[in-house]
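Descriptive analysis of the structure
These are the residues of each chain, in order.
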Amino acid sequence: MPRQARVRKRPDFLAIQSGGRRITTAHFVFAMKLSPEPGVSARLGITASRKIGNAVVRNRAKRLIREAFRATRVLWPAGLDVVVLVRRSLSALNLDAVVAEWQAAASQLARATRALSGPLSK
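Residues numbered from 1 in each chain as written. Predicted model: local features only at pLDDT ≥ 70, side-chain atom pairs only at ≥ 80, totals over all residues. Heavy atoms only, no water.

Moving on, we get to the environment of Thr47. Residue position: Thr47 is located in strand β3 (residues 43–47). A residue is classified by how much of its surface remains accessible, and Thr47, at 28% relative accessible area, is partly exposed. On a C-alpha basis, the gap between Thr47 and Val84 in space is 6.2 Å, while along the polypeptide they are 37 residues apart. If we ignore the near neighbours within four places in the chain, the residues touching Thr47 are Phe13, Gln17, Val83, Val84, Leu85 and Val86. (Helix = DSSP H or I, 4+ residues; strand = E, 2+ residues; numbered from the N terminus. Buried < 20%, exposed > 50% of the residue type's maximum accessible area, 1.4 Å probe, protein only. Contact = heavy atoms within 4.5 Å.)

On to the environment of Ala106. Its location among the elements puts Ala106 in helix α4 (residues 106–121). Classification of Ala106 by relative accessible area gives buried; the value is 17%. Spatially, the C-alpha atoms of Ala106 and Val74 are 9.7 Å apart, while their sequence positions differ by 32 residues.

The analysis is restricted to geometry; functional conclusions fall outside its scope.
As structure tokens, then:
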């Protein structure tokens, strides 16, 4: 299985969070922006602050998000950079609950993705 592309550098996180579209759900905020390299697969960045919990809780949340990103690959078109901000602790959630929350927001995510790609297609 190939490694997942990730957003790793602070300037990339800041660019995505400040210049992209935002979608908010009960536990997450998705910040999305088109990648400067449009041919690459969707990249994921995760932000979980200390208000979420200690290091064990934050790392579990990041593992859940990475796995949910893989499970919902159809929601993320190529050339999209996504930063997922964790709003509250995910300790009561399992992978199925996270995927279900993301699937429930699928129409909002698709609308935001179309809005991002709209100006480029004109």
